[in-house]
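Residues per chain are reported as follows:
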Amino acid sequence: MNTDRIEKQVLLRAPLDRVWRAISDSDQFGQWFGARFDGPFVAGTSVTATITPTTVDDEVAKLQEPHAGTTSTWQIVAVEPRTKLAYRWHPCAGEPDADHEPTTLVEFTLAETSDGVLLTIVESGFDALAEPRRSSAFEANSGGWGHQVELVRKYLGAEQRV
């Protein structure tokens, strides 16, 4: 079992431009993801993310409530229009000393298909985390990304087919 990389996919039945805006516009991203950002996603810059409950699923919003107000810094690595958004973050944000640990890389890639847009989310770099946090961060984020593919699907009003 690979413990360094999480990969989730969802087929979104929405136009590519619409899906791109949902992941590349920090305001739209925040609505479905459950965060407020202090600026736009621009490659080579950092933004502060503050956890807020998602606007698209009341049950997930309740799960996010205990973390509301937690902040983390995201270093935006790539913004490739209609193709890729990538950033680095601390997967254990809010935990003591987490900000001093290595970051993981999160990549959102888009591919048009005959049925819609395939969104692939990959988070990698868990093996570089300190042993006490590594497995819990991996497990928490694996479950979290499972929720997030559903949230973006709901946000776009699309059907999951993958």
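Everything below is about the structure printed above this text.
Residues numbered from 1 in each chain as written. Predicted model: local features only at pLDDT ≥ 70, side-chain atom pairs only at ≥ 80, totals over all residues. Heavy atoms only, no water.

J.: Mind showing me how you'd approach unusual backbone geometry here?
T.: As a rule of thumb, non-glycine residues mostly have phi less than zero, and peptide bonds are mostly trans rather than cis. Backbone geometry places arginine 82, a non-glycine residue, at a positive phi of 65 degrees. Assignment of secondary structure puts arginine 82 in the loop between β4 (71-80) and β5 (84-89). Since its relative accessible area comes to 37%, arginine 82 is described here as partly exposed. (Helix = DSSP H or I, 4+ residues; strand = E, 2+ residues; numbered from the N terminus. Buried < 20%, exposed > 50% of the residue type's maximum accessible area, 1.4 Å probe, protein only.)

J.: I keep staring at the pairing of β4 and nothing clicks. Help me out?
T.: Walk down a regular strand and you will see the side chains alternate between the two sheet faces. Here strand β3 (residues 46-51) runs beside β4; their pairing, made up of five bridges, is antiparallel. Directly across from serine 46, in β4, lies its bridge partner glutamine 75. As judged from the five bridges shared by β4 and β5, these two strands associate in the antiparallel manner. Note on β5: the bridge partner recorded for glutamate 80 is lysine 84. Connecting β4 to the antiparallel partner β5 that follows it, the hairpin turn spans three residues, and arginine 82 within it adopts a positive phi of roughly 65 degrees. (Pairing = 2+ DSSP bridges.)

J.: Which parts of the structure should I look at to understand the sheet that holds strand β6 (residues 104-113)?
T.: Sheet strands associate in pairs through backbone hydrogen bonding, adopting either a parallel or an antiparallel arrangement. Read from one edge to the other, the open sheet built from seven strands follows the order β1-β7-β6-β5-β4-β3-β2, with strand pairing classed as antiparallel. For this open sheet the edge positions go to β1 (5-12) and β2 (35-37), each flanked by a neighbour on one side alone. Taken over all neighbouring pairs, the strand axes of this sheet differ in orientation by 25 degrees on average, direction set aside. In this sheet, strand β7 (residues 116-124) lies alongside β1 in antiparallel orientation, the contact comprising eight bridges. In the sheet register, lysine 8 faces β7, and the bridge partner there is isoleucine 121. Against the sheet, helix α1 (residues 16-24) engages β1, β4, β5, β6 and β7, with an angle of about 170 degrees to β6. Lying over the sheet, helix α4 (residues 131-156) contacts β1, β5, β6 and β7, oriented at roughly 15 degrees with respect to β1. (Axes fitted to C-alpha atoms, helices over the stretch in contact; angles between N-to-C directions. Contact = heavy atoms within 4.5 Å.)

Keep in mind these numbers describe shape, not what the thing actually does.
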